[in-house]
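# Descriptive analysis of the structure
Below, each chain spelled out in residue letters.
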Amino acid sequence: MAAKELINVIRPIVAISTYITFTALAMYEHPECHEELMHGDNNYFEMFVQEVRRYYPFTPFLGARVHKDFVWNQYEFKKGVLVLLDVYGMNHDSQIWSDPDEFRPGRFKEQKDRTFSFIPQGGGDPGKGHRCPGEGITIEMMKASINFLVNKVDFEVPEQDLTYSLSRIPTLPESGFIMKNIRKKL
Ligand code: HEM
């Protein structure tokens, strides 16, 4: 039990650090957003964080094993079968998102019920189903990291390989995100 609880502390920290790496990459790849973040309010921070969680390949899929036979939308689920929920696919599905391969935080301006359509940390109601109860904390930590990177420090991004593989799980930019000449903002 102690080991499991220790893993429960380490796991989210590692997971959020991956999101933060993609947040830094998004700011670098989209200087127009970086500019807006410098002058933006909490709403823009939130939209930017949501778009990072939608656009970048953090969780490719979630797996579960069927407990008992059931039919859903004419699909038969047999007991014992491993089912994979295509998280990355849903986050890039053109039936759900317009221009899904464009990075556009503004798409989150529209208030919509996304309980089952936006599922970077699982879908549904966290109180009743399998959605991560740490989602709110994750979002707040990402916003705090953006504030640090945008308003508290200046840094340079040296030449490096920022491509990432879609077949590695979990994936990260090849070089990580190397920063140099980091200075505290006066
Ligand atoms: C990048 C960050 C994170 C991702 C992608 C993530 C993803 C997930 C997913 C997909 C599940 C549902 C698993 C399932 O039942 O099928 C889950 C469960 C859970 N997460 Fe997270 N999580 C993240 C961060 C956090 C944080 C920061 C916390 C705590 C502060 C946390 C605490 C939990 C707990 C306690 C559960 C189990 C809930 C239950 O079984 O009732 N997670 N997470």
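Notes on the structure in this doc start here. Remember, predicted model here, so these are calculated numbers, not experimental data.

This brings us to the coordination of the iron atom of the ligand. Exactly one protein atom donates to the iron atom of the ligand; that atom is Cys 132 (SG), 2.3 Å from the metal. Structurally, the position occupied by Cys 132 is in the loop between helix H4 (87–91) and helix H5 (135–152).

Our focus in this paragraph is the site of the ligand. Neighbouring the ligand are 14 residues, the closest being Tyr 19, Phe 58, Gln 121, His 130 and Cys 132. Between the ligand and Gln 121 there is a distance of 3.4 Å, counted from a nitrogen atom to a side-chain nitrogen or oxygen. Contact distances for the ligand include 2.6 Å between an oxygen atom and a side-chain N or O atom of His 130. More than half of the atoms of the ligand fall within 2 Å of the grid points belonging to the second largest pocket. Per element, the largest residue contribution to the shell around the ligand is four residues, and it comes from helix H1 (residues 2–29). For the shell around the ligand, a count of residues per class yields nine nonpolar, five polar and no charged.

The grouping of Leu 6, Val 9, Ile 10, Ile 13 and Val 14 at the surface amounts to a nonpolar patch, some 470 Å² of accessible area in total. Position of Val 9 relative to the elements: it lies in helix H1.

About the criteria used
Residues numbered from 1 in each chain as written. Predicted model: local features only at pLDDT ≥ 70, side-chain atom pairs only at ≥ 80, totals over all residues. Heavy atoms only, no water. Donors = N, O, S within 2.8 Å, 3.2 Å for Na, K, Ca; no water. Helix = DSSP H or I, 4+ residues; strand = E, 2+ residues; numbered from the N terminus. Near = heavy atom within 4 Å. Polar contact = N/O pair within 3.5 Å; in protein donor to acceptor, adjacent residues only side chain to side chain. 1 Å grid on protein atoms, 1.4 Å probe; cavity = no way out; pocket = protein on both sides within 12 Å on 5 of 7 lines; lining within 4 Å. Sits in = over half its atoms within 2 Å of the grid points. Nonpolar A, V, L, I, M, F, W, Y, C, P; charged D, E, K, R; others polar. Patch = residues over 30% accessible without salt bridge, like charges linked within 9 Å, V, L, I, M, F, W, Y side chains within 5 Å. Areas by Shrake-Rupley, 256 points an atom, 1.4 Å probe, with all protein chains shown as cover. Salt bridge = Lys/Arg side-chain N within 4 Å of Asp/Glu carboxyl O.

Keep in mind these numbers describe shape, not what the thing actually does.
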